[in-house]
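# Working through the structure, step by step
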There are 2 protein chains.
Amino acid sequence: MKRRQFVGGLAAAATLSACAKNDTDCNVGAAASQETFEWSCVTSWPPKFPGLGMAPENLATRVEKASAGRLKIKVYGAGELVPAFEVFDAVSRGTVEMGHDASYYHKGKVDAAQFFAAIPFGMTNLELNGWLYYGGGMALWRELYAPFGLVPFPTGNTGVQMGGWFNKEINTADDLKGLKMRIPGLGGEVLRRAGGTPVTLPGSEIFTALQTGSIDATEWVGPYNDASFGLHKAARYYYYPGWQEPGPGLETIINADAWNSLPADLQEIVSTTCQAITTDMAAEYTNGNAMSLQQLKNDPNVELRRFPTAVIDLLRSIAQDVVEELMAADPAAAKIGKAYFEYLDVVAANSRIAEQAYLSTR
Amino acid sequence: MKRRQFVGGLAAAATLSACAKNDTDCNVGAAASQETFEWSCVTSWPPKFPGLGMAPENLATRVEKASAGRLKIKVYGAGELVPAFEVFDAVSRGTVEMGHDASYYHKGKVDAAQFFAAIPFGMTNLELNGWLYYGGGMALWRELYAPFGLVPFPTGNTGVQMGGWFNKEINTADDLKGLKMRIPGLGGEVLRRAGGTPVTLPGSEIFTALQTGSIDATEWVGPYNDASFGLHKAARYYYYPGWQEPGPGLETIINADAWNSLPADLQEIVSTTCQAITTDMAAEYTNGNAMSLQQLKNDPNVELRRFPTAVIDLLRSIAQDVVEELMAADPAAAKIGKAYFEYLDVVAANSRIAEQAYLSTR
């Protein structure tokens, strides 16, 4: 007990000093600074979009409550303050203090950042968090963002996505040839090498493009988000699994100067709330996907289909080439990719006898 | 902006009132109470035991930091203040403010509580959290514990466990007959009906019992915890998957009077930190299991084995009977069990096309 009382005494002394003349109503014994902060958080999501857009909203509400109003965060949807894909730059420049998006959006600027979101045939939600929090991933991520004046925090994960909505059947690898599909990033590059034509479209334009036939197929997220866009009204075949995004992690990025200006208790509140949102978002997606899938299965105009094994085998083989080229072209991607794949080897062996073996018993 | 300024004005007024004569160093603008709390947390785990025991330690450290020392929690290992299985009673009586354990330990006292930890062939980590946070599970849990003066918070999950360590091969269902195995709770009852003899032993006695042959087999947790007990030195066959505990959730329980005495900001810090620990513990287990499994696979004295399908089929069928009897014997278990299985039906359909289908592509 002695040590704890001594620490308590130090904290009390700090409070005395902060409260100067020791006003009797300014209770002694706790050291919370009373300085207040008002931050802006820009995001890549439609405002309050289910899952993705609710994460920064929930983060802001909970941080404000946990800090008794000492840190207030105002959340902006994509385009409200800066465009969807300029979150990284806005936070890096200090235009705003905080952003919420996915690190694979920084492709072309910080290619290696893609390993912290999703890699085709890569880590799942649980595996990614094992790597980030206990396998050395966070140290690599912080190092990668430091030159940009950014501090990253994993904040949410959508879980395994769906392969997407198709108006053409995919029975053999040949059916990918000429396929015009909305699929961004590394997955899009894989499709291109398989003979398809990847297209990048913002979420808001997907439905119309699919309905008018200007694209043959699209991936988006999973049943929860896909149904909210009405994609089942624009395509017949719903393919699984989402080989291109097996558990994309989202990120909160904080301007380093803003982060350093926070007292230690507010820093802890922010980082802990980000980690809580990861549990919360996974729960929202698990529930939302399950409920939406049940409805889609009852829709006579929807056919749920599994990608044929030969198609998956081809895509996996191409994905390996694509990621190897990414690593060969950039030293940071080489370093982080090496750590990622060494970890994936070990963690995937465990997932086979744990999650995969268990799920096959039900 | 007007509304926010008005709210800010109210908060400032509250602080002014708290700080009475408005000492200049007692900054205006935030409403954090300066009252301090010192809590005790009793647990069912050996002190600082990997995963299970680290969760309450991490919770305490982070809550103290996030609250700037206003809420200090001292964590006690099993037996240090109360025995491992008396956590529920100690917190209910108010002997201590907080406990960390697993709700299936309350079998015999609150049978229905088992649904919030693990059910044989039941929900995984991600599925359980979907139910608790977004599928109505938390409301049922709070209702169940209210008569005991307890408020529950999900806090950690070990993920899919292992089937266990065996000194006898399990090739057919007949090999379960006469098997003396350390396996508690519903899993133990399933083994008993399959012809085995379930034994309950605290963790600390498992190794010796297995080594001396007083038991033929044991389940414990998974590679991370099992290896730390040295179980691979006392048995040859390591069976998977852990049908008996497919993703047990741990709980923090807080005495209702203690909970109600906390100001709103400290309540938010506690509940958010509990949710963060769920991400953190899953990451610790994912990493620890993967690393330990890799070592065990290189041990020439260990044989990794999958339970034969016929054995799994028999156990699943018996498990259904056991859980149906649990529900028939207790109205609360009937109500909560009905909600659990209705949810499981829907969420498992999604896991099949998401996690399970994806993992099978790698």
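Scoring rules and cut-offs
- Residues numbered from 1 in each chain as written.
- Chains lettered and ligands numbered in written order.
- Predicted model: local features only at pLDDT ≥ 70, side-chain atom pairs only at ≥ 80, totals over all residues.
- Helix = DSSP H or I, 4+ residues; strand = E, 2+ residues; numbered from the N terminus.
- Rg over C-alpha atoms; globule rule 2.2 N^0.38 Å.
- Buried ≥ 20, exposed ≤ 12 C-beta atoms within 10 Å, placed from the backbone.
- Contact = placed C-beta atoms within 7 Å.
- Nonpolar A, V, L, I, M, F, W, Y, C, P; charged D, E, K, R; others polar.
- Least-squares fit on C-alpha atoms with pLDDT ≥ 70 in both.
- pLDDT = per-residue confidence, 0-100.
- Domains from an automatic or database assignment.
- Axes fitted to C-alpha atoms, helices over the stretch in contact; angles between N-to-C directions.
- Parallel < 35°, antiparallel > 145°, perpendicular 65-115°, else oblique.
- Pairing = 2+ DSSP bridges.

### Re the overall build of chain A
- Counting its regular elements, chain A contains 12 helices and 11 strands.
- A globule of 362 residues ought to have a C-alpha radius of gyration of about 21 Å, and chain A, at 23 Å, matches this closely.
- Counting all 362 residues of chain A, 55% fall into the buried class.
- Counting only contacts in chain A whose residues sit at least 6 apart along the sequence, the fraction spanning at least 24 positions is 74%.

### Here we look at the interface of chain A and chain B
- Facing the 79 residues of chain A at the interface are 80 residues of chain B.
- The greatest single-element share of the side of chain A that touches chain B, amounting to 21 residues, is contributed by helix α10 (residues 264-297) of chain A.
- The residue makeup of the side of chain A that touches chain B, split by class, is 37 nonpolar, 26 polar and 16 charged.

### Quick word on the relation of the copies chain A and chain B
- Under the fitted operation, chain A is carried onto chain B by 0.0 Å of movement along the axis and a turn of 180°, and the coordinates agree to an RMSD of 0.0 Å. Considering both components of the superposition, the chain copies are consistent with a two-fold axis. Of every C-alpha in chain A, the one belonging to A:Ala276 sits nearest the axis of rotation, 1.9 Å from it.
- Mapped onto chain B, 100% of the interface residues of chain A are again interface residues, and the two copies thus contact each other with one and the same surface.

### Observations regarding the confidence of the model for chain A
- The share of residues in chain A with pLDDT of 70 or more is 91%, and the mean pLDDT across the chain is 92.
- For this predicted complex, the interface score ipTM comes out at 0.91, alongside a pTM of 0.91.

### Considering the environment of B:Pro56
- In this structure, B:Pro56 sits in helix α2 (residues 54-66).
- The sequence separation of B:Pro56 and B:Cys274 amounts to 218 residues, and the corresponding C-alpha distance is 9.0 Å.

### Considering the domain arrangement of chain A
All names here are of chain A.
- Annotation of chain A at the domain level lists domain 1 (35-160 + 245-298 + 330-362) and domain 2 (164-244 + 303-325).
- Of the residues lining the interface, 23 residues belong to domain 1; the matching set on domain 2 comes to 23 residues.
- Considering every element that reaches the side of domain 1 that touches domain 2, the biggest residue donor is α10, with eight residues.

### Some details on the packing of α10(A) against α2(B)
- Between α10(A) and α2(B), the shortest axis-to-axis distance is 7 Å and the interhelical angle comes to 130°. The angle between the axes of α10(A) and α2(B) places the two elements in the oblique class. Residues A:Ala264, A:Asp265, A:Glu268, A:Ile269 and A:Thr272 of α10(A) form the contact with α2(B), whose participating residues are B:Arg62, B:Lys65 and B:Ala66.

### Examining the sheet that holds strand β10 (residues 249-255) of chain B
Residue and element names in this part refer to chain B.
- Spatially, five strands are ordered β2-β1-β3-β10-β4 in an open sheet, and the strand pairing comes out mixed. Taken across any chain shown, the strands that pair with only one partner, and hence form the sheet edges, are β2 (71-76) and β4 (150-157). Strand-to-strand twist across the sheet, computed as the mean angle between neighbouring axes with direction ignored, equals 25°.
- Bridge count between strand β3 (residues 98-101) and β10: four bridges; the pairing is antiparallel. Following the sheet pairing, Asp 101 is matched in β10 by Glu 251.
- Seen against the sheet, α2 touches β1 (37-43), β2, β3, β4 and β10 and runs at an angle of roughly 165° to β2.

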